[in-house]
Amino acid sequence: MNQEHASEGRLPDSEQRLRDYFQLQSIGMAICAADGQWIEVNDKLCEMLGYSREDLLRSGWTALTHPDDLGYNLELLERLRTGKLNGYSLEKRYIHKNGTEVDAHISVRCVFNANGAIDHLFVTHQDITERKRTERALRESEERFRNLIEGSIEGILIERYRRPLFANQAFADILGYTSPADILALDSIEGHVAPHERERLQRYAEARFAKHPTPTTYEYDAVRRDGSIVTLQNVARLVTWHGEPAVQNTVIDISERKRATAALEAVTDAVPAIINAKDKRSRYIFMNHYQAKLYGVAPEDAVGKTAGEFLGNEYGTYTEQLDRKVLETGEAIPYFEEHYVDAHGVSHTFLTTKVPLREANGQVESVATISLDITARKQAERALRDSEERYRALYEHNPSMYFTVASDGTVLSVNPFGAQQVGYTREELIGTSIFNLFHTQDRETLGKSLDHVLARPGELKRCELRQVHKAGNLLWVRKTARAIDDAEGQRVILIVCEDITATLQLSEELSYQASHDALTEIGRAHV
């Protein structure tokens, strides 16, 4: 009896320990029925998947399992239920509440009842999302770098004292071999260095292995398998290969570039624009003939000099500051205007762009400047602005009514005098129909005249119409219309209205006086 009571007293402690273990925050846990339905989950699992306990129990694990992983998971569960397995472990993906994937390592174990049947399943979940992400990143990085090396257009050779240890396909192609294996079969790569280059490259190699200062980027002539010469640009650095020091050479064939550079220089000399390059101290390393002519020097005489030596210290300081900005930021300065007077006393306006020039290692070593002479364009723009101002003054201050209307009669613009004559502000008129400003009996005539000029661009159409003032009184106007294309190429109609009310009134008065006796106001009899 006492033993029985003692056992009963220990049960709550055991259950509490189990509950405490279940709620451990380091690992997600769940108790499932034999069919796999969740019965209980701990806080860590809720945290892993982003759901509350109630939502998680309601959803079930199948709904939250990644579709691509569900089939295999169900297969293992069925084998467990049929007694073929007592448990299993696997890596799978869940779908978090926020839609992201959660990688988990789960371990499923059966808990049997007294009859030997499955009472429930005990499932642990370890969040391995970060580990998987790291593994994927490493695989992707390895694949990326392998592809970069194997598929690079740059030739890569790793050698130790000229004996090849590794070569990629691009290096084999550069030297005219079928595959990298052909390169690795060579005892030495020395035979593919042009004879006149061997002593220099040997000095570089000895200094590099001795860890003495030596150029890392340089050009040299190489001999292809067929005996032809190619010019290569090489970036060499000391690396460790299978535990021993070696040299990694990254080369590109610049033979075409050399030929293209010569052709480019010929082209730049023919272009009517300033083209130059300056080093880090803003000294010219190249100047085309067009600029040299403006400066009054030969292109070769400009090399090593600064802009200030040609155009004065003020301009020299200004352009050196721009060059320094490009060198420091590595970014271009596009499309800005410059003004200076050439060696012949002629003033020029240039549209200039400065861009960084990079070496093979990506470092900005010089600045290229391209300047288009826009002097004639600026003069034309000034003339156009002056002309536009003159015509604008005529438009704004002309004592005639000017309207510009769209093809449907919508008012696009009106001069101040025109708005004043009909009693409106310009803002009130723009966007309204021109027909609203004319007597209803004259609108048909107006419409026909607008159709006429639209069908015959450039032709004038005149008629006399009654215009309606905002206050309601009528004005007789002589309307002249003409269809033109605006700056955007849209067809519009220019309408000029001249107030002829006083003229018509005077004409009527004269006509009346001519037909009536001035004293008796009796009409004269017609003979």
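Cut-offs used in this document
- Along each chain, the written sequence defines residue order, and numbers are assigned to residues from 1.
- Owing to the predicted nature of the model, reporting of local features is limited to residues with pLDDT of at least 70; listing and counting of side-chain atom pairs is limited to 80 or more, with chain, interface and lining totals taken over all residues.
- Heavy atoms from the whole structure form the basis of all side-chain values; hydrogens and water molecules are not counted.
- In this description a helix means any DSSP run of H or I spanning at least four residues, a strand means any run of E spanning at least two, and both kinds are numbered starting from the N terminus.
- Three labels apply to residues, based on accessible area from a 1.4 Å probe with only protein chains included: buried if under 20% of the type maximum, exposed if over 50%, partly exposed otherwise in between.
- The contact definition used throughout considers only heavy atoms, calling two residues in contact when any of these lie within 4.5 Å.
- Salt bridges are counted wherever a side-chain nitrogen of Lys or Arg sits within 4 Å of a carboxyl oxygen of Asp or Glu.
- Any two strands with at least two DSSP-identified bridges between them are counted as paired.
- Helix axes are fitted only over the stretch in contact, all axes being lines through C-alpha atoms; the angle between N-to-C directions runs from 0 to 180 degrees.
- Residues belong to a common nonpolar core when they are buried Ala, Val, Leu, Ile, Met, Phe, Trp, Tyr or Cys residues joined through side-chain atoms within 4.5 Å.

**Q** Talk me through the environment of Arg257; I want residue IDs and the actual numbers.
**A** Looking at where Arg257 falls in the secondary structure, it is placed in helix H10 (residues 255–270). With relative accessibility at 40%, the residue Arg257 sits in the partly exposed group. The spatial distance from the C-alpha of Arg257 to the C-alpha of Thr231 is 9.3 Å, given a sequence separation of 26 residues. Aside from chain neighbours lying at most four places away, what touches Arg257 is Glu219, Gln233 and Ile252.

**Q** Mind laying out the pattern of salt bridges, listing which residues take part and the relevant values?
**A** By the definition in use, this model includes 30 salt bridges. Measuring nitrogen to oxygen at the nearest pair gives 3.5 Å for the salt bridge that ties Arg136 to Asp103. Here Arg136 is found in helix H6 (residues 129–151), whereas its partner Asp103 is found in strand S4 (residues 101–112), with 33 residues between them in sequence. For Arg136, a relative accessible area of 31% translates into the label partly exposed. With a shortest N-O distance of 4.0 Å, Lys132 and Glu135 are connected by a salt bridge. One end of the pair, Lys132, and the other, Glu135, are both in helix H6, three residues apart, so they sit about a helical turn from each other. Note on Lys132: relative accessible area 18%, which makes it buried.

**Q** Explain the environment of Cys46 to me, using residue names and the numbers behind them.
**A** One can find Cys46 in helix H2 (residues 43–49). Between the C-alpha atom of Cys46 and that of Leu57, which follows or precedes it by 11 residues, the distance is 9.8 Å. Look past the residues within four positions of Cys46 in its chain and what remains in contact with it is Val41, Tyr51, Ser52, Arg53 and Leu56.

**Q** Help me get a handle on the sheet that holds strand S3 (residues 87–95), residues and values and all.
**A** Pairing is antiparallel in the open sheet, where five strands are placed in the order S2-S1-S5-S4-S3. A single partner strand is all that each edge strand has here, and the edge strands are strand S2 (38–41) and S3. Strand-to-strand twist in this sheet, taken as the mean axis angle between neighbours without regard to direction, amounts to 25 degrees. Relative to strand S5 (residues 118–127), strand S1 (residues 28–32) runs antiparallel, the two sharing five bridges. Of the residues in S5, the one forming a bridge with Met29 is Thr124. On top of the sheet, helix H5 (residues 67–81) reaches S3, S4 and S5; it is set at about 155 degrees to S3, its chief contact.

**Q** Quick rundown of the nonpolar core? Include the residues and the values.
**A** If you look at the biggest cluster of nonpolar residues, it comprises 27 residues, and the most contacted ones within it are Trp38, Leu49, Leu56, Tyr88, Tyr94 and Leu121. Listing elements by their share of this core, those giving two or more residues are S1, S2, H2, helix H4 (61–64), H5, S3, S4 and S5. In terms of residue count, the dominant contributor to this core is S4 (five residues). Those residues in contact with Trp38 that sit more than four places away from it in its chain are Ala30, Ile31, Cys32, Leu45, Leu49, Leu56, Leu57, Gly60, Trp61, Leu64 and Tyr94. Residues Phe403, Leu450, Leu465 and Ala483 belong to the second largest nonpolar core, which totals 22 residues.

**Q** Before we move on, could you go through the pairing of strand S15 (residues 364–373) and cite the residues and values that matter?
**A** Where strand S11 (residues 273–278) meets S15, six bridges bridge the pair, whose relative direction is antiparallel. Paired with Lys278 across the two strands is Val367, which belongs to S15. Where strand S14 (residues 347–358) meets S15, nine bridges bridge the pair, whose relative direction is antiparallel. Counted as the bridge partner of Arg358 is Val364 from S15. Once S14 ends, the chain turns through five residues before running back antiparallel as S15, passing Gly362 with a positive phi of about 90 degrees.

**Q** A description of unusual backbone geometry should follow, citing residues and the corresponding values.
**A** The phi torsion at Tyr161 lies on the positive side, around 55 degrees, for a residue other than glycine. Structurally, the position occupied by Tyr161 is in the loop between strand S6 (155–160) and strand S7 (163–167). Here Tyr161 falls in the exposed class, since its relative accessible area comes to 60%. Despite not being glycine, His242 shows a phi value in the positive range, around 55 degrees. Position of His242 among the secondary structure elements: in the loop between strand S9 (229–241) and strand S10 (244–253). On the basis of relative accessible area, His242 is assigned to the exposed category, the value being 73%.

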